[in-house]
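# A closer look at the structure
One-letter residues, chain by chain:
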Amino acid sequence: MVRLVVLSLLLALAGCAPSPLRQLEEPAGADDLPDWQAGTLTALDEGQHHPAVASLLRQAEQARQQRRWDRVHTYLDQARQIQPRNPAIFYRQAWVRLQQNEPQQAEHLLRRALVFAGDDLALKRRLYALLAEALDAQGRPAEADAARQQSY
C-alpha cells in the first residue's frame, strides 16, 4: 500500500516540473538605458527598508537594466504592499512612470510620496525636483517652477 502511494506521488510530481523560463524581451545595452540619475535612486534610503523590500528593490533595478518595465512595476508594487507608506518606493515608481512618458501617473505618485516624507528635507527636495519634471512634461511650467523652488 505504501509503495502504491509513493509511486502515485512520484508520478504526480513528474508532471509538475517547471518549464524553462523564456526571455520575453531582449536585454538592452548600457547605452540604451535611461539615466538612473547617477545612482541616486539606488542610494535612496538604502539600509532603511524591510529586508523583503530591499530585495524587491534590487530585483526592480535588475529588471530596469533589462528594460523589463512590467517586472519593474510588479516588484515596486510588491514593495509598496509591504511598506505602503515608504516614500522612497513612490519615488522610484514615479521615476519609472516619467521615463515611460506617463507624467500624470508620476505626479500622482510623487504627491502621495510627499504626504509620507515627513520631516526628511533631503527626500522632499528630491521629490519636488522630480515633481517639477513631471509638471514640465505635462506643460504646466508655473506649477513646475513652484515645485522647483521647493526643491532648493
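Source: prediction; values computed, not measured.

Glancing now at helix H5 (residues 87-99). Because the α-helix completes a turn every 3.6 residues, residues three or four places apart line up on one side. The terminal C-alpha atoms of H5 lie 18 Å apart, and with 13 residues this matches the ideal 18 Å at 1.5 Å per residue to within 8%. Inspection of H5 places Pro 87, Ala 88, Ile 89, Phe 90, Tyr 91, Arg 92, Gln 93, Ala 94, Trp 95, Val 96 and Leu 98 among the buried residues, and these make up the whole buried set. Where H5 begins, the capping side chain belongs to Asn 86, and its oxygen is found 2.9 Å from the backbone nitrogen of Ala 88.

What follows concerns the nonpolar core. Of all hydrophobic cores here, the largest spans 32 residues; its most connected members are Val 72, Leu 110, Leu 127 and Leu 130. Among the secondary structure elements, those contributing two or more residues to this core are helix H3 (51-65), helix H4 (69-82), H5, helix H6 (103-116), helix H7 (121-137) and helix H8 (141-150). Residues in contact with Leu 110, not counting those within four places in the same chain, are Tyr 91, Ala 94, Leu 127, Leu 130 and Leu 131.

What follows deals with the pattern of salt bridges. As enumerated under the stated definition, the model contains seven salt bridges in all. Arg 97 serves as the salt-bridge partner of Glu 102, at 2.9 Å between the closest nitrogen and oxygen. Among the residues examined, Arg 97 registers a relative accessible area of 22% and is labelled partly exposed. A salt bridge links Glu 107 to Arg 140; its shortest N-O distance comes to 2.8 Å.

Before going further, it helps to spend a moment on unusual backbone geometry. Note: most peptide bonds trans; most residues except glycine with negative phi. Here Arg 67, not a glycine, exhibits a phi torsion of approximately 60°, which is positive. Take Arg 67: it is sitting in the loop between H3 and H4. We note that Asn 101 has phi near 60°; this positive angle belongs to a residue other than glycine. Relative to the elements of secondary structure, Asn 101 occurs in the loop between H5 and H6.

Conventions and cut-offs
Residues numbered from 1 in each chain as written. Predicted model: local features only at pLDDT ≥ 70, side-chain atom pairs only at ≥ 80, totals over all residues. Heavy atoms only, no water. Helix = DSSP H or I, 4+ residues; strand = E, 2+ residues; numbered from the N terminus. Expected span 1.5 Å × (residues − 1). Buried < 20%, exposed > 50% of the residue type's maximum accessible area, 1.4 Å probe, protein only. Polar contact = N/O pair within 3.5 Å; in protein donor to acceptor, adjacent residues only side chain to side chain. Core = buried A, V, L, I, M, F, W, Y, C linked by side-chain atoms within 4.5 Å. Contact = heavy atoms within 4.5 Å. Salt bridge = Lys/Arg side-chain N within 4 Å of Asp/Glu carboxyl O.

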